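These are the residues of each chain, in order.
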Amino acid sequence: MSRLFLVRHGPTHAKCMVGWSDLPADLSDHRRIAALSEFLPREARLVSSDLTRTRATADALARPGRRRLPDHPALREIHFGDWEMLTAPEIEARDPELSRAYWTDPGEVAPPGGESWNAMAARASAALDALMLEGGDLIVVCHFAVILGQVARHGGEAPRDVLRHRVEPLSVTHIDYGPGGRPDGAQIAKINHSP
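Residues numbered from 1 in each chain as written. Predicted model: local features only at pLDDT ≥ 70, side-chain atom pairs only at ≥ 80, totals over all residues. Heavy atoms only, no water.

### Focus: the overall build of the chain
Phase 1: Looking only at helices and strands, the chain has 7 helices and 6 strands in total.
Phase 2: Counting from the amino terminus, the chain carries its helices and strands in the arrangement β-α-β-α-β-α-α-α-β-α-α-β-β.
Phase 3: For the chain, the C-alpha radius of gyration of 16 Å lies close to 16 Å, the compact-globule estimate for 195 residues.
Phase 4: Judged by the C-alpha coordinates and their principal axes, the chain covers about 50 × 40 × 25 Å.
Phase 5: A burial count over the chain gives 49% of its 195 residues as buried.
Phase 6: Counting every atom, the chain has about 9100 Å² of accessible surface; 54% of that belongs to carbon and sulfur. (Helix = DSSP H or I, 4+ residues; strand = E, 2+ residues; numbered from the N terminus. Rg over C-alpha atoms; globule rule 2.2 N^0.38 Å. Buried < 20%, exposed > 50% of the residue type's maximum accessible area, 1.4 Å probe, protein only. Areas by Shrake-Rupley, 256 points an atom, 1.4 Å probe, with all protein chains shown as cover.)

### Considering helix 5 (residues 117–132)
Note that an α-helix has 3.6 residues per turn; residues three or four places apart therefore point the same way.
Phase 1: Look at helix 5: 22 Å from first C-alpha to last across 16 residues, which is about the 22 Å you get at 1.5 Å a residue.
Phase 2: Among all positions in helix 5, only Trp 117, Met 120, Ala 121, Arg 123, Ala 124, Ser 125, Ala 127, Leu 128, Leu 131 and Met 132 are buried.
Phase 3: Where helix 5 is buried, its residues contact strand 1 (2–8), strand 2 (44–48), strand 4 (137–142), helix 6 (144–155), helix 7 (159–162) and strand 5 (172–177). (Expected span 1.5 Å × (residues − 1). Contact = heavy atoms within 4.5 Å.)

### Let's talk about the layout of surface pockets
Phase 1: Quantified by volume, the largest pocket comes out at close to 610 Å³.
Phase 2: Considering the residues around the largest pocket, the lining is formed by 24 residues, among which Arg 8, Cys 16, Val 18, Glu 77 and Phe 144 are closest to the centre.
Phase 3: Sorting the residues of the lining of the largest pocket by element identifies helix 4 (96–104) and helix 6 as the ones contributing at least two each.
Phase 4: Sorting elements by how many residues they give to the lining of the largest pocket places helix 6 first, with 3 residues. (1 Å grid on protein atoms, 1.4 Å probe; cavity = no way out; pocket = protein on both sides within 12 Å on 5 of 7 lines; lining within 4 Å. Points joined across faces, edges and corners; volume = space filled by probe spheres on them.)

### Re the nonpolar core
Phase 1: Among the nonpolar cores identified, the biggest contains 34 residues, and Leu 4, Leu 6, Leu 138 and Val 140 are the most heavily contacted of them.
Phase 2: With 8 residues, the top contributor of residues to this core is helix 5.
Phase 3: Look past the residues within four positions of Leu 4 in its chain and what remains in contact with it is Leu 128, Met 132, Leu 138, Val 140, Thr 173, His 174, Ile 175 and Tyr 177. (Core = buried A, V, L, I, M, F, W, Y, C linked by side-chain atoms within 4.5 Å.)

### Observations concerning the environment of Pro 96
Phase 1: In this fold, Pro 96 is placed in helix 4.
Phase 2: Using a relative accessible area of 35% as the deciding quantity, one classes Pro 96 as partly exposed.
Phase 3: In sequence terms Pro 96 and Asp 129 are 33 residues apart; their C-alpha atoms lie 36 Å from each other.

### Section: the pairing of strand 5
Phase 1: The element strand 5 is extensively covered by neighbouring structure, given that 6 of its 6 residues are classed as buried.
Phase 2: What you see with strand 5 is no split at all: Val 172, His 174 and Asp 176 on one side and Thr 173, Ile 175 and Tyr 177 on the other are buried throughout.
Phase 3: Across 6 bridges, strand 1 lies against strand 5 in antiparallel orientation. Looking at strand 5, one finds that Ser 2 is bridged to Tyr 177. (Pairing = 2+ DSSP bridges.)

Put into structure tokens, the structure is as follows:
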């Protein structure tokens, strides 16, 4: 059996839509990072998206026995396009009907110049499937939407339903893969969120 540990990067403290904007993570809570590192498997491959907040978080979790893989752009957050760095009220004022559809029935709806939930989930799933083919434990430091995309995929939930899940910064979502690293929902043993 292979295990996938999806770690959300450290907090950015931004109060707006942060997708591909390259904000840093606040990694000042050394005690929490140490506890998170201790919780994760000692022997594992470790990869992150190519954005600063995930790269720095992954670097903070590096230790002997964890093989750091090259950053993977396909593990980036969802791309908010023209909504990037705007607050929810600003987006609603700018695109009221589109923003309502985006949140009430995510899937194919995309922000202007951005990407849909389904497009984000497809690119991240393809990258994760390829990474899981090697087998063993894999720690992936990534983003809120990428994690929820995998929870929806493996938990059999619709995107609109999975948005109710809380995925805090520096939390872990653990997914067990079946034999041969196959992401077949019937072979997923559990999905856990751990602080």
